[in-house]
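What follows is the residue order along each chain.
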Amino acid sequence: MAEDIIVESEEENILYDLLINTEWPPETDTQLRGSNKRSSSVIAKAVTGPFRFLLHYLWYSPSSSSLPAGLVRLVSKQINWQLVLASNGKLLAVVQDQCVEIRSARDDFGSLIGKCQVPKDPSPHWRRVAWSHDCTLLAYADSTGTVRVFDLMGSELFLIPPAASFPGDFSYAVAGLIFLEYTASAQWSAELLVITYGGHLKSYLVSVATSQGFQENHSFSFAPHYSHGITTAVYHPGHRLLLIGGCEGGDEVSSKAARCGLTAWRALSGAPHYKQVTSYEDDMASAQRRGFFRIPSLPFFGSQSSEKDGIFRMSLSPDGSLLAAIHFSGQLTLWDVPSLRQRAGWAQDSQPGFDEINPEWKNSLEKRKKIRDKEHYYPLLDVNWWSDAAVILARCSGSLTVSSVRTLRNLLGRSCEWFEPSPQVTAAHEGGFLSLECEIKLAQKRLRLESSASEDDDGEEDSDSEDESSAKARYFGYVKQGLYYVTEMERFAPPRKRPRTVVKSYRLVSLRSTTPEELYQRKIDSEEYGEALSLAQAYDLDSDLVYQRQWRKSTVSIASIQDYLSKIKKRSWVLHECVERVPENVDAAKELLQYGLKGTDLEALIAIGNGRTGAGRREPETPELNGREKPENSVGKHVAFILPGDLDVEDAPYEDFLSPVEELQRKKEHEAKKREELLKKVDFGRLTLEQKELCRSRLKLLSYLDRLATYEEILGGPHAAEQRYDGDFFKKFRNQNILLSARTYARESNVQALDILFTYHGSELLKHRLAVLYNFPETTSPHEYTILLPEASLDERGNLRLIPWDEQSHRERDWCEQPECR
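No experiment lies behind these values; they were computed from the predicted model shown.

## Observations regarding the overall build of the protein
Right, on to step 1. Of regular secondary structure, the protein possesses 23 helices and 31 strands.
Right, on to step 2. Here the protein, with 822 residues, has 44% of them falling under the buried criterion.
Right, on to step 3. Contacts in the protein between residues at least 24 apart in sequence constitute 57% of all its contacts with a sequence separation of at least 6.
Right, on to step 4. With the model as given, the accessible surface of the protein reaches about 46,100 Å², and the carbon-plus-sulfur share is 51%.

## Re the confidence of the model for the protein
Right, on to step 1. Counting all residues, the mean pLDDT for the protein is 81, and 79% of those residues have values of 70 or more.
Right, on to step 2. Of the regions scoring below 50 in pLDDT, residues 35-65 engages in 38 contacts with residues more than four places distant in sequence or in other chains.
Right, on to step 3. Counting interchain partners and residues more than four positions distant, the pLDDT-below-50 stretch residues 292-305 has 9 contacts.

## Brief notes about the sheet that holds strand β14 (residues 214-221)
Right, on to step 1. Taken in spatial order, the 4 strands of this open sheet run β11-β12-β13-β14, and their pairing is antiparallel. What marks the edges here is a single partner per strand, and that holds for β11 (174-181) and β14. Recorded for the sheet is a direction-independent mean angle of 20° between the axes of neighbouring strands.
Right, on to step 2. In this sheet, strand β13 (residues 200-206) lies alongside strand β12 (residues 190-196) in antiparallel orientation, the contact comprising 6 bridges. Its bridge partner lying in β13, glutamate 191 is registered against leucine 205.

## Re the sheet that holds strand β21 (residues 332-336)
Right, on to step 1. Sheet architecture is open: 4 strands sit in the order β19-β20-β21-β22, paired in antiparallel fashion. Strands at the two margins of the open sheet, each flanked by one partner only, are β19 (311-316) and β22 (342-346). For this sheet the average axis-to-axis angle between neighbouring strands, irrespective of direction, equals 15°.
Right, on to step 2. By the bridge criterion, 5 bridges tie strand β20 (residues 322-327) to β21 in an arrangement that is antiparallel. The partner of alanine 325 across the bridge, within β21, is threonine 333.

## Considering helix α15 (residues 602-609)
Right, on to step 1. For α15, the tally of buried residues reaches 7 of 8 residues, placing the bulk of the element in the interior.
Right, on to step 2. Along α15, the residues that are buried comprise Leu602, Glu603, Ala604, Leu605, Ile606, Ala607 and Ile608.
Right, on to step 3. The secondary structure elements touched by the buried residues of α15 are α13 (571-580), α16 (660-679) and α17 (689-715).

## A closer look at the pattern of salt bridges
Any two side chains of opposite charge can pair, so long as their charged atoms come close to each other.
Right, on to step 1. Taken as a whole, this structure holds 25 salt bridges when the rule is applied.
Right, on to step 2. For arginine 343, the salt bridge is made with aspartate 336, and the minimal N-O distance between the two is 2.6 Å.
Right, on to step 3. With a closest N to O distance of 2.9 Å, glutamate 528 and lysine 523 form a salt bridge.
Right, on to step 4. Connected through shared salt-bridge partners, Glu23, Glu420, Glu437, Glu439, Lys441 and Arg507 make up one network.

## Overview of the packing of aromatic side chains
Right, on to step 1. Summed over the entire model, instances satisfying the criterion amount to 22 aromatic pairs.
Right, on to step 2. Pairing phenylalanine 220 with phenylalanine 222 gives two aromatic rings, centres 5.1 Å apart and planes at 70°, and the pair type is edge-to-face. Across this residue pair, the class does not change: phenylalanine 220 and phenylalanine 222 are buried.
Right, on to step 3. Both rings, one in phenylalanine 729 and one in phenylalanine 733, keep their centres 5.8 Å apart while their planes meet at 15°; by these two values the pair is stacked. Here the residue phenylalanine 729 and the residue phenylalanine 733 both occupy positions in helix α19 (residues 727-735), the gap between them amounting to 4 residues, near one helical turn.
Right, on to step 4. Among the aromatic side chains, those forming a connected cluster through ring pairs are Tyr711, Tyr725, Phe729, Phe730 and Phe733.
Right, on to step 5. When the ring centre of tryptophan 551 is taken as reference, the NZ or CZ atom of arginine 581 above it lies at 4.8 Å.
Right, on to step 6. The aromatic ring of phenylalanine 733 is capped on one face by arginine 707, whose charged end is 5.7 Å from the ring centroid.

## Here's the deal with the packing of helix α20 (residues 738-747) against helix α21 (residues 751-760)
Right, on to step 1. Across the interface, α20 lies against α21 with an axial gap of 8 Å and an inter-helix angle of 155°. One finds that α20 runs roughly antiparallel with respect to α21. Seen along the crossing, α20 lies across α21 with a hand that is left-handed. Across from Ile738, Ser741, Ala742, Tyr745 and Ala746 in α20, the residues of α21 making contact are Ala753, Leu754 and Leu757.
Right, on to step 2. The class makeup of the residues in the contact of α20 with α21 is 7 nonpolar, 1 polar and no charged.

## Here's the deal with unusual backbone geometry
Right, on to step 1. Cis geometry is found at the peptide bond from alanine 271 to proline 272, where omega equals 5°.
Right, on to step 2. Here proline 272 is to be found in the loop between β17 (262-267) and β18 (274-277).
Right, on to step 3. Cis geometry marks the peptide bond from valine 337 to proline 338; its omega dihedral reads 15°.
Right, on to step 4. Relative to the elements of secondary structure, proline 338 occurs in the loop between β21 and β22.
Right, on to step 5. One non-glycine residue, arginine 240, adopts positive backbone phi at about 50°.
Right, on to step 6. If you trace the backbone, arginine 240 turns up in the loop between β15 (230-236) and β16 (241-246).
Right, on to step 7. A relative accessible area of 42% places arginine 240 in the partly exposed class.

## Focus: the nonpolar core
Across soluble globular proteins, nonpolar side chains show a tendency to be buried alongside one another.
Right, on to step 1. Core analysis: the biggest nonpolar cluster contains 63 residues, and Leu565, Tyr725, Leu754, Leu757, Leu788 and Trp815 have the highest contact counts within it.
Right, on to step 2. Examining the composition of this core, we find that 10 residues originate from one element, α17, more than from any other.
Right, on to step 3. With residues up to four places along the chain from it excluded, the contact list for leucine 757 reads Thr710, Ile714, Phe733, Ile738, Ser741, Ala742, Tyr745, Gly762 and Leu765.
Right, on to step 4. Counting 29 residues, the second-largest nonpolar core is a separate cluster that includes Leu180, Tyr226, Trp265 and Leu381.

## Describing the side chain of serine 404
Right, on to step 1. Structurally, the position occupied by serine 404 is in strand β25 (residues 399-404).
Right, on to step 2. The buried category is assigned to serine 404, whose relative accessible area is 1%.
Right, on to step 3. A distance of 3.1 Å separates a polar atom in the side chain of serine 404 from the backbone nitrogen of arginine 406.

## Structural notes on the side chain of glutamine 424
Right, on to step 1. Mapped onto the elements of the fold, glutamine 424 is located in strand β27 (residues 424-425).
Right, on to step 2. Among residues more than four places away in sequence, those in contact with glutamine 424 are Ile79, Trp81, Gln82, Leu83, Asp382, Leu434, Ser435 and Leu436.

## Re the pairing of strand β23 (residues 380-387)
Right, on to step 1. The buried count for β23 comes to 7 of 8 residues, which makes it a mostly enclosed element.
Right, on to step 2. Relative to strand β24 (residues 390-395), β23 runs antiparallel, the two sharing 6 bridges. Within the sheet, the bridge partner assigned to asparagine 384 lies in β24 and is isoleucine 392.
Right, on to step 3. Joining the antiparallel neighbours β23 and β24 is a turn of 2 residues.

The rules behind these values
- Residues numbered from 1 in each chain as written.
- Predicted model: local features only at pLDDT ≥ 70, side-chain atom pairs only at ≥ 80, totals over all residues.
- Heavy atoms only, no water.
- Helix = DSSP H or I, 4+ residues; strand = E, 2+ residues; numbered from the N terminus.
- Buried < 20%, exposed > 50% of the residue type's maximum accessible area, 1.4 Å probe, protein only.
- Contact = heavy atoms within 4.5 Å.
- Areas by Shrake-Rupley, 256 points an atom, 1.4 Å probe, with all protein chains shown as cover.
- pLDDT = per-residue confidence, 0-100.
- Pairing = 2+ DSSP bridges.
- Axes fitted to C-alpha atoms, helices over the stretch in contact; angles between N-to-C directions.
- Salt bridge = Lys/Arg side-chain N within 4 Å of Asp/Glu carboxyl O.
- Phe/Tyr/Trp six-rings, centres within 6.5 Å; stacked < 30°, edge-to-face > 60°.
- Lys NZ or Arg CZ within 6 Å of the ring centre and 35° of its normal.
- Parallel < 35°, antiparallel > 145°, perpendicular 65-115°, else oblique.
- Left-handed = near helix turned anticlockwise from the far one by under 90°.
- Nonpolar A, V, L, I, M, F, W, Y, C, P; charged D, E, K, R; others polar.
- Core = buried A, V, L, I, M, F, W, Y, C linked by side-chain atoms within 4.5 Å.
- Polar contact = N/O pair within 3.5 Å; in protein donor to acceptor, adjacent residues only side chain to side chain.

Now the structure itself:
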């Protein structure tokens, strides 16, 4: 138990990010629904089964026997395209239907540097691609065993035809396509090994020069050791070992690797070119087998029902000390190299999360039908290495994990990362790896006739018509199915379903480890704010960046102030936004300015003088400019609601029975008293630079609030301002010299606006009244602006005196406008 805790503490989780490098245009494909073979009845199969069995072995030669069922089953689950990364991690080959794209890591594999044209393969799952050791050559093998070699520009250098080929027999397809470094002669660039599923190996010397092409070097056969053929091959350059995987074999005295179908062969400089590396137990078992008479097993008498397990895919660790293998049964094994001693092994049902299915499938009707056979999505389909201590595992279900080689614990977190079914993965390079996935969707259905509207599109069999519902019709249906199963004549073929159209979308996705700061910024840029805040909380990052981005992308309102601006801790940034940002709504503009004033009050001034930023201050009447949650009424007035039964009249204090006017007067007196107490704590003669900047910001906010109130009056009051408010005009008006604004209104003959300006800004304008009125156009009659002209009257002594303008103010004088503060 203690060891498990130590291991988990050493295996730190990987902080990663997913990026879509390339997304190809969707492709439309037509798929046949169902198959004639599947539609055959059980009775027909039982009757014609022996005949088909004899026909198979009499017509076909034993050498063209089928491959292991487990291999065929897993290969058919793969997507049509393939992905191969060069050993240096700089080049990527993407095998498509009729071409092989070569991409470079310079722009994260976003653009092409070469394109190799290849013929369309009817069995694309059986193709194979490999890079040369110096990444200058690319070899491509199709399902018939034909090998084409290309350069980096996509030009085909030469073609290597297969030794033999038979349609439908994939034993001639290539199970291993391996480039070896060749130094014996400068004439040849590399050595290419072509190993078929049937177990036949051929070595070719290849050259970049098109004049030389290729030359056959030697051949070898693994068939005596693998009667069912081989399934995969990997070369270890450090030990010059060829690791071969196949079906289970051997006997009890053989080594564990040999019984599992794994053998190692050392490359020799001369004949026989390859020698099996065996242990003492293998040598003794081989001697015992040679000492007894053994009846050779013929495929004709072999048991077809007993399916053997075998190795489907292998991958070497970066340091070459471990080999990871996926078996037909879904088992994962790890082997030491070169000893081939089993380091660890996990059966499919003992692997963490092997039976998980993508949660999003529950929301899709088509995917929910596939969940019925969810056991088909459990097996592992691809394996590669993240590091010497972790492997990348991909399943048919689309789940992808980076698992520890000691505990198989997922290092990506609590849950796996979900891709489309059967993704392909590359080895990790510079902290990340690539994955290729294919999303398949049904195309939109065309409008059909009512007669065919009931046709099912999920792959299930169509319903029989009424005349076929009788026993006689079913009997003749079985007979026709049996005849078709035997003769395969179209006249006996069952009715075919209408083919359905699917849309395939291929994506190249990279999973890359990252630092918390990089991932945090990327989440913000992609507007994944919830995940960004989780990262900020987990790694103690600055959450202000999230709220700042949200604030800038949202319109100013009471809700946005509460949700974003009020949670930002940096006071200077908040004040800058309150001062500089001009909302598009008059109520939002007023709310933003008032919020800025609440963040520049006397308490904030004193907190700055005491060396605190105010981030931890929490007063009930003023909201804080920090990241904590605020009460719902923190912007605006706080109201306390008292229910009738909550207060005893006899025990209630006298103040609770004051009238609204008396309560308001009492509140003003309390605020004035509190303000006087706070002012005594401030020495305006010794303000710091930060305190002076706060006072300047408050003065500007008060000035903007006065201009906004004036602008509302000019527009016709608060209700009219909601419809006529212009944010661009107010942005100019609030910073404009008030005398210049008055002159502009005079030139526009706007008497009402000038009247309001003289009333609320008379201290600045009335001494220039005649100069402002001089700007009225000559075409404007003086009778229209008579109310703006100076008026005089006689006093008690009969002297002429000027009648002062009735000035007003939008508010009371603030503490920062007092002479001592200025």
